[in-house]
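Topology and contacts: notes
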Amino acid sequence: MLYNAENGTIKIGDTEMDYIRFGTGGRILVMLPGLGDSLRSVKGTALPVAFTYRMFAKDFTVYAFSRKNALPEGYTTKEMAADQAAAMEQLGIQKADVLGVSMGGMIAQHLAIDYPEKVGKLILIVTSARTNPILNVSIDEWVSCAKRGDQTAFMDSNVRRIYSEDYYRKNKWMVPIMGRLTKPTSHERFLIQADACLKHSAFANLHQIQAPTLVIGGGEDNVLGGDASREIAAEIPGAQLRMYENLGHGLYEEAGDFNQIVLDYLCAF
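For the structure given in this document, a descriptive report is provided here. What you see is a predicted model, and the numbers here were worked out from it, not measured in a lab.

Procedures and definitions
- Residues numbered from 1 in each chain as written.
- Predicted model: local features only at pLDDT ≥ 70, side-chain atom pairs only at ≥ 80, totals over all residues.
- Heavy atoms only, no water.
- 1 Å grid on protein atoms, 1.4 Å probe; cavity = no way out; pocket = protein on both sides within 12 Å on 5 of 7 lines; lining within 4 Å.
- Points joined across faces, edges and corners; volume = space filled by probe spheres on them.
- Helix = DSSP H or I, 4+ residues; strand = E, 2+ residues; numbered from the N terminus.
- Nonpolar A, V, L, I, M, F, W, Y, C, P; charged D, E, K, R; others polar.
- Core = buried A, V, L, I, M, F, W, Y, C linked by side-chain atoms within 4.5 Å.
- Buried < 20%, exposed > 50% of the residue type's maximum accessible area, 1.4 Å probe, protein only.

Under the counting rule described, the total for this entry stands at one cavity of 30 Å³ or more. For the largest cavity, the calculated volume is near 60 Å³. Along its surface, the largest cavity is lined by Met17, Leu32, Phe65, Ser66, Arg67, Tyr75, Met80, Asp83, Gln84 and Ile107. At the level of secondary structure, the elements contributing two or more residues to the lining of the largest cavity comprise strand S4 (60-68) and helix H2 (77-90). Here the lining of the largest cavity is built from residues that sort into six nonpolar, two polar and two charged.

Given below as structure tokens:
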């Protein structure tokens, strides 16, 4: 199969966790997606994700994990990290480089703090170590849309906050279509994960992270603010910081050199 891509599911407690795998490299890279995972898991996406990140396929075997399928009320990012460590153990992944985007970066922080033996290099992308006023407003806006079942408003807020103003202006015509195509049967999974984002707290323990770390942030991040990335880099010993000052939360899709910067860091030493 193209890029050796495959979909998989493993048992975690009394439920399952979806994951995908691609690439043929000897090193392992674990990717943890953001809050968007609460609306659609990685299930069935092995080929398109492999194509998007095909640059990594030669040097790495890449795994991307969703959160487990059944989420208990009050499920925290710290507990998500524990489940992620268990999933890696099941798949025989003793140690991996870990890349976390947004909420995935919150989980990755706890993974690096609580299970340092499992994390080689750490890449934290447009994420935060604790709540802040910008994050509160973003999540509250999305939660409000979800609770009243207004998927078009929900998607409009997502696109407007995540992408650059230029991207939003050019693509806002797609929002009503996206709203119809992405409407879930229930927002329960989103609401549980949104609550976990608001309660995420790893700032006081960032100094414990031993993994070489690259932090990537957007100066125009309207989801959690560019300062969230700056303060993480300042707290993790030896962390490198790369800011895209003119991009926002969706920089990993908008920045043409994003994949190359990540690959260069992973392969540098």
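Next up on the list: the layout of surface pockets. The probe, sized like a water molecule, is rolled over the atoms to show the empty space still left. Space inside the largest pocket adds up to approximately 1,500 Å³. Lining the largest pocket we find 49 residues, and of these Gly36, Asp37, Tyr163, Tyr252 and Glu253 sit closest to its centre. Examining the composition of the lining of the largest pocket, we find that five residues originate from one element, helix H5 (residues 151-162), more than from any other. Its residues placed into classes, the lining of the largest pocket shows 33 nonpolar, 13 polar and three charged.

With that out of the way, let us pick up the nonpolar core. One finds Val30, Phe65, Val98, Leu122, Ile139, Phe190 and Ile209 to be the most contacted residues of the largest nonpolar core, which totals 59 residues. Tallying contributions element by element places helix H3 (residues 103-114) first for this core, with seven residues. Residues Leu99, Val126, Leu251 and Phe258 belong to the second largest nonpolar core, which totals 32 residues.

From the geometry alone we can't say anything about function, so treat these as descriptive.
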